[in-house]
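Notes for the structure review
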Amino acid sequence: MNTFADRHIGPDRDSERRMLDQVGYGTVDELMDAAIPEVIRWHGGLNLPPAASEAEVIAELRALADRNTVNVSMIGLGYYGTHTPAVIRRNVLESPAWYTAYTPYQPEISQGRLEALLNFQTMIADLTGLTTANSSMLDEGTAAAEAMTLARRSSKSGSPVYVVDADTLPQTLAVIEGRAEPLGIIVQVRDLSAGASALPADFFGLHLQYPGASGVVLDHADLVTAAHEVGALVTVAADLLALTLLRSPGEIGADIAAGTTQRFGVPMGFGGPHAGYLAVRKGLERTLPGRLVGVSRDADGAPAYRLALQTREQHIRREKATSNICTAQVLLAVIASMYAVYHGPDGLRDIARRTHARAAKLAAGLRAGGVTVSSEAFFDTVTVSVPGRAAAVVAAAAAQGVNLRQVDADRVGIACDETTTDAHLVLVWKAFGVPAYTGAVEAALPDALARTSDFLTHPVFHAHRSETAMLRYLRRLSDLDYALDRGMIPLGSCTMKLNATTEMEPISWPEFANIHPHAPAAQTSGYRELITSLESWLAEVTGYDAVSVQPNAGSQGELAGLLAIRGYHRSRGGHDRDVCLIPSSAHGTNAASAVMAGMRVVVVACDENGNVDLVDLDAKIEQHASRLAAIMVTYPSTHGVYETGIASLCAKVHDAGGQVYVDGANLNALVGFAKPGRFGADVSHLNLHKTFCIPHGGGGPGVGPIGVRGHLAPFLPGDPLGATASRTSHSARAGGTAGGAAVSAARHGSAGILPIPWAYLRMMGAEGLTRATGAAVLAANYVAARLREHYPVLYSGNKGLVAHECILDLRPLTKATGVTVDDVAKRLIDYGFHAPTMSFPVAGTLMVEPTESEDLAELDRFCDAMIAIRGEIESVGSGTWPRDDNPLANAPHTASMVSGDEWSHAYPRSVAAYPFGVSRVGKYWAPVRRIDGAFGDRNLVCACPPPEAFE
Ligand SMILES: *Cc1c(COP(=O)(O)O)cnc(C)c1O
């Protein structure tokens with residue numbers, strides 16, 4: 001009987017046999033015994049529940065979902081009910097053409113999602129009134145924290161003080177404080193409702209919430225002026241829906257705007273994932289962290305999109321890094337942008353007016369019933385005084401199926417959104433003991449702050465009002481792109497494996513999608529059980545004692561893990577331990593995270609075999625002995641090799657008093673065979689969007705949980721709303737009970753997508769997971785074995801074997817023929833493939849990770865293409881084709897190019913379009929020719945160009 005594992009793993013038994021023959025082993029076990037060093041090998045199996053079928057897992061998830069209660073949510077605080085238009089839900093959120101795509105580093109095959117992201121940036125820039133927005137931050141809290149560090153870099157003030165208005169979302173404040181402390185930034189929370197007189201004399205930045213967490217809408221113009229007078233930068237955390245009616249942050253003089261786009265059609269998901277946003281005024285665009293989509297041109301001079309200012313990411317520059325954000329929230333940004341495309345400016349204004357009208361009516365009814373409503377000016381949220389009765393009112397509302405926010409013993413917060421109905425208002429009034437109100441209602445938005453400027457004037461926000469037009473727009477864009485639904489994406493380090501439909505289905509169930517992160521515990525027992533079991537399974541898989549799923553990307557897991565190490569050292573008086581050793585081959589986020597955790601990065605060399613140089617390690621340990629905080633190593637290494645020195649590396653660092661952080665991005669090569677928590681590491685992050693099947697979404701969402709050994713458990717990320725959140729002093733935290741700083745705005749981070757890894761683990765079971773690892777390692781070694789004679793495989797470990805990926809060294813060929821990795825990557829598009837990882841971790845190479853999910857036919861199709869390309873390189877080398885006019889240099893070839901009336905190239909059209917093995921039916925055509933990135937960086941355009949540009 002076929003199991004889920006048989007469907008998740010590509011090669012069947014017969015294929016496995018043939019692959020083993022090629023690699024030269026009798027069984028997968030023999031291969032794994034040879035590949036994995038015995039010192040790290042785990043022979044104890046995995047203690048997980050036995051594998052369940054797809055149908056059983058859906059039934060189990062259904063039962064868990066049924067234990068969540070979907071109340072009407074009027075809690076607000078940055079999370080709102082929203083109607084995801086069905087055409088967007090089904091054709092984006094539930095469409096593999098969108099959700100299985102990778103980050104658009106290969107822009108020629110990513111024009112669809114790049115256009116959607118450019119729409120997102122245009123939407124944010126327009127609504128905030130600022131010039132440049134990136135495409136996307138991880139949530140509002142982290143966006144606000146990035147705004148703080150951006151302000152510090154750009155402010156001329158030497159002050160370490162960052163002022164945060166007291167009416168800021170509490171979870172945002174917690175994340176800001178957690179990020180500030182290791183950087184020596186002093187956060188001062190001030191009640192600024194009375195104006196600039198409450199500001200300190202000196203500060204480098206100011207954070208304002210607009211409207212405030214209480215719902216109040218204030219004119220912040222005087223505060224902005226006062227801040228600018230002392231050289232400080234101002235961030236306004238603004239609600240996008242409110243901005244359709246209110247003067248924009250840009251118009252009141254703000255330098256930066258930050259926030260979330262959740263209420264633009266993205267379900268609450270118990271806290272995430274949602275796309276955060278960050279926008280800046282003119283002059284600050286080159287300091288923006290995150291990914292910025294820009295317009296450039298292709299080889300024909302036609303406009304084309306690509307990520308701007310990237311030599312991978314402009315902000316991840318190792319020890320000079322300014323941010324560690326890598327995986328962002330692309331899929332959610334696409335959804336939010338499409339919400340704006342579908343509704344257009346008039347539709348959004350209409351939704352905002354309806355939302356405001358409900359809030360105004362709610363307030364009028366409460367006032368008529370004798371209840372005190374604190375604020376006169378508000379958009380969608382009111383704070384109501386009910387001395388001594390807040391808990392009772394909140395309970396009465398909950399009993400009727402409506403969640404309100406208990407601010408304190410005397411006050412209740414109530415937020416309206418586009419899903420609020422008059423019937424909901426009646427229930428709220430009832431909870432307050434007030435009769436239903438039918439009288440007059442006056443708008444409560446201050447006239448002086450009324451928005452008069454236009455927004456979303458670009459035609460894209462006007463042309464898709466009918467569902468037919470919207471459906472076709474979504475289809476047209478996704479047809480431009482190459483995602484896993486077309487073929488393999490052999491990206492080293494990224495583990496682009498199957499995202500099974502059964503894993504995906506539950507995330508759009510209302511019982512998972514429509515839960516507010518602050519919903520009462522009694523309404524979320526299904527979610528909490530799911531999270532607890534997922535955390536315990538991940539602990540079992542990794543050998544750690546405790547796991548936190550809060551970090552919403554691998555980068556955030558790194559920060560959380562390093563902060564745990566920092567907290568641990570400090571709890572033992574090790575305040576001076578601030579040196580983080582990082583091998584030269586590390587992923588850029590590692591060093592960036594170390595900098596953010598207040599550590600100094602010291603690079604450890606690699607030897608000629610690509611392994612961490614243990615002699616240099618000894619020297620660096622000796623040099624920094626008493627200051628050594630940690631080492632961060634990736635295992636298997638980013639070179640795709642199981643290093644045999646890992647155990648001794650761990651021991652050396654421990655002996656010197658340091659902690660060992662193992663970057664778990666490559667866990668796909670370990671599951672079932674080795675456990676970092678048992679071979680010497682103290683903490684790791686995992687990328688659930690790599691090893692555990694959360695789709696990449698075109699560059700996010702992700703989940704980056706960390707596992708820790710027992711001594712670090714007290715320093716795991718705290719609840720951003722809890723008393724433990726960073727308001728408490730460090731010594732209190734160091735007591736071991738208070739918990740670490742929050743690294744994400746929601747306690748469980750991107751909880752809404754946790755059913756995906758849960759389902760994967762549940763359907764695979766111990767045996768399936770272990771088999772998957774063997775299949776992944778076999779696939780990588782098969783590709784290495786087939787390609788080795790055509791391209792040197794740069795590094796290998798025991799017995800010449802690689803782990804789950806292999807690096808193909810093109811440098812000798814480049815030297816001999818002038819053909820670059822870029823040429824090969826682009827030529828692969830003509831062959832119907834996404835390129836492997838380019839020039840990471842070694843410049844001039846390609847890193848191939850086939851994963852266990854690709855079947856032998858697809859692996860062979862890839863190998864055949866690479867071998868055929870090798871032949872083409874030969875033809876360039878031998879002079880058959882000129883160096884500047886050959887199928888590699890001109891790749892990718894578009895349909896319009898090869899069907900043009902003129903053809904003057906040195907090779908025939910058929911070679912351009914249908915090289916060896918490419919079917920004439922259903923070929924994927926790149927929509928643009930090779931894109932000139934540098935041109936776009938010199939002429940930075942990060943919003944939608946006018947349609948005439950495309951004529
Ligand atoms: C992907 C990756 C990261 C970063 O993870 P994100 O989820 O993109 O933030 C870190 N280290 C390695 C080795 C990786 O491959």
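Residues numbered from 1 in each chain as written. Predicted model: local features only at pLDDT ≥ 70, side-chain atom pairs only at ≥ 80, totals over all residues. Heavy atoms only, no water.

- The name given to the protein in an unreviewed UniProt entry is Glycine dehydrogenase (decarboxylating), with Asanoa ishikariensis as the source organism.
- In its Subunit (unreviewed entry) section, UniProt records this for the protein: "The glycine cleavage system is composed of four proteins: P, T, L and H."
- As recorded by UniProt, the Catalytic activity (unreviewed entry) comment attached to the protein reads in full: "N(6)-[(R)-lipoyl]-L-lysyl-[glycine-cleavage complex H protein] + glycine + H(+) = N(6)-[(R)-S(8)-aminomethyldihydrolipoyl]-L-lysyl-[glycine-cleavage complex H protein] + CO2". (UniProt positions renumbered as here; feature names shortened; annotations may be inferred.)

**Describing the overall build of the protein**
- Within the protein, the secondary structure is distributed over 29 helices and 26 strands.
- The C-alpha radius of gyration computed for the protein amounts to 28 Å, which stays within 12% of the reference 30 Å derived for 951 residues, consistent with globular compactness.
- Overall, the protein is about 85 × 70 × 60 Å in size when its C-alpha atoms are taken along their principal axes.
- Out of the 951 residues belonging to the protein, those deemed buried represent 65%.
- Within the protein, counting contacts between residues at least 6 apart in sequence, those at least 24 apart form 77% of the total. (Helix = DSSP H or I, 4+ residues; strand = E, 2+ residues; numbered from the N terminus. Rg over C-alpha atoms; globule rule 2.2 N^0.38 Å. Buried < 20%, exposed > 50% of the residue type's maximum accessible area, 1.4 Å probe, protein only. Contact = heavy atoms within 4.5 Å.)

**Details of the sheet that holds strand S12 (residues 381-385)**
- Taken together, the four strands give an open sheet; going across it, the order is S11-S12-S15-S14, and neighbouring strands pair in antiparallel fashion. The sheet terminates laterally at strand S11 (372-373) and strand S14 (405-406), the two strands that pair on one side only. (Pairing = 2+ DSSP bridges.)

**Here's the deal with the pairing of strand S23 (residues 806-809)**
- A two-sided burial pattern is seen for S23, the buried positions comprising Cys806 and Leu808 on one face and Ile807 and Asp809 on the other.
- One ladder, built from four bridges, connects S23 with strand S25 (residues 845-848); its direction is antiparallel. Across the sheet, residue Leu808 finds its bridge partner in S25, namely Leu846.

**Things to note about the site of the ligand**
- The local shell around the ligand holds 14 residues, among which Thr327, Ser493, Asp663, His689 and Lys690 are the closest.
- Between a nitrogen atom of the ligand and a side-chain N or O atom of Asp663, the distance comes to 2.6 Å.
- One of the side-chain N or O atoms of Asn687 is found 3.0 Å from an oxygen atom in the ligand.
- Relative to its unbound accessible surface of 380 Å², the ligand loses 98% to contact with the protein.
- Of the residues in the shell around the ligand, the class split is three nonpolar, eight polar and three charged. (Near = heavy atom within 4 Å. Polar contact = N/O pair within 3.5 Å; in protein donor to acceptor, adjacent residues only side chain to side chain. Areas by Shrake-Rupley, 256 points an atom, 1.4 Å probe, with all protein chains shown as cover. Nonpolar A, V, L, I, M, F, W, Y, C, P; charged D, E, K, R; others polar.)

**Thoughts on the pairing of S12**
- Of all five residues in S12, four are buried; the element is thus mostly enclosed.
- Sheet topology places S11 next to S12; two bridges connect them, and they run antiparallel. The residue bridging Thr372 from the neighbouring strand is Ser385, located in S12.
- Where S12 lies against strand S15 (residues 411-415), five bridges are found, and the strand directions are antiparallel. For Thr383, the partnering residue across the bridge sits in S15 and is Gly413.

**Considering the state of the cysteines**
- One pass over the structure, following the stated rule, counts zero disulfides.
- No disulfide involves Cys494; its sulfur sits 8.0 Å from the nearest other cysteine sulfur, which is in Cys326.
- Residue class for Cys494 comes out buried when judged on its relative accessible area of 6%.
- Note on Cys693: no disulfide assigned, nearest cysteine sulfur contributed by Cys494 at a separation of 15 Å.
- Its relative accessible area of 1% is what places Cys693 among the buried residues. (Disulfide = S-S within 2.5 Å.)

**Description of the sheet that holds strand S16 (residues 546-548)**
- One open sheet holds the seven strands; their spatial order is S16-S22-S21-S20-S19-S17-S18, and the pairing between them is mixed. Taken across any chain shown, the strands that pair with only one partner, and hence form the sheet edges, are S16 and strand S18 (600-604). Going across the sheet, the axis of each strand differs from the next one's by a mean of 25°, ignoring polarity.
- Sheet analysis places S16 next to strand S22 (residues 706-708), joined by three bridges and oriented antiparallel. Of the residues in S22, the one forming a bridge with Ser548 is Ile706. (Axes fitted to C-alpha atoms, helices over the stretch in contact; angles between N-to-C directions.)

**Quick notes on unusual backbone geometry**
- Omega for the bond connecting Phe840 with Pro841 falls within 30 degrees of zero, at 0°, which places this linkage in the cis form.
- One can find Pro841 in the loop between strand S24 (837-838) and S25.
- In the segment running from Ala891 into Pro892, the intervening peptide bond is cis, with an omega of -5°.
- Of note in the backbone geometry, Leu77 takes a positive phi value of approximately 55° without being a glycine.
- Relative to the helices and strands, Leu77 resides in the loop between strand S1 (72-73) and helix H5 (86-93).
- Residue Leu77 is classed as buried on the basis of its relative accessible area, which comes to 8%.
- One non-glycine residue, Lys799, lies in positive phi territory at about 50°.

**Topic: the packing of helix H23 (residues 755-787) against helix H26 (residues 856-877)**
- Packing of H23 against H26 leaves a shortest axis separation of 10 Å and a crossing angle of 30°. Here H26 runs roughly parallel to H23, going by the angle between their axes. The handedness of the crossing between H23 and H26 comes out as right-handed. Of H26, the residues touching H23 (which contributes Ala779, Tyr782, Val783, Arg786 and Leu787) are Leu856, Leu859, Asp860, Phe862, Cys863, Asp864, Met866 and Ile867.
- Partitioning the contact of H23 with H26 into residue classes produces ten nonpolar, no polar and three charged. (Parallel < 35°, antiparallel > 145°, perpendicular 65-115°, else oblique. Left-handed = near helix turned anticlockwise from the far one by under 90°.)

**Quick look at helix H17 (residues 525-542)**
- Taking 1.5 Å per residue, 18 residues should reach 26 Å; H17 reaches 26 Å between its end C-alpha atoms and fits that length.
- Taken as a whole, H17 has its buried residues at Gly526, Tyr527, Leu530, Ile531, Ser533, Leu534, Glu535, Trp537, Leu538, Ala539, Val541 and Thr542.
- Buried positions along H17 lie against helix H4 (54-66), helix H16 (510-513), S16, strand S21 (683-686) and H23. (Expected span 1.5 Å × (residues − 1).)

**What about the pattern of salt bridges?**
- Per the stated rule, a full pass over the model turns up 44 salt bridges.
- When the shortest N-O distance is used, the salt bridge between Arg89 and Glu94 registers 3.7 Å.
- For Glu94, a relative accessible area of 30% translates into the label partly exposed.
- Residue Asp346 pairs with Arg349 through a salt bridge whose shortest N-O separation is 3.0 Å. Separated by three residues within a single helix, Asp346 and Arg349 lie in helix H11 (residues 330-368), roughly one turn from each other.
- Residue Asp346 is classed as exposed on the basis of its relative accessible area, which comes to 56%.
- Residues joined by salt bridges that share partners form a network here, namely Arg62, Asp66 and Glu511. (Salt bridge = Lys/Arg side-chain N within 4 Å of Asp/Glu carboxyl O.)

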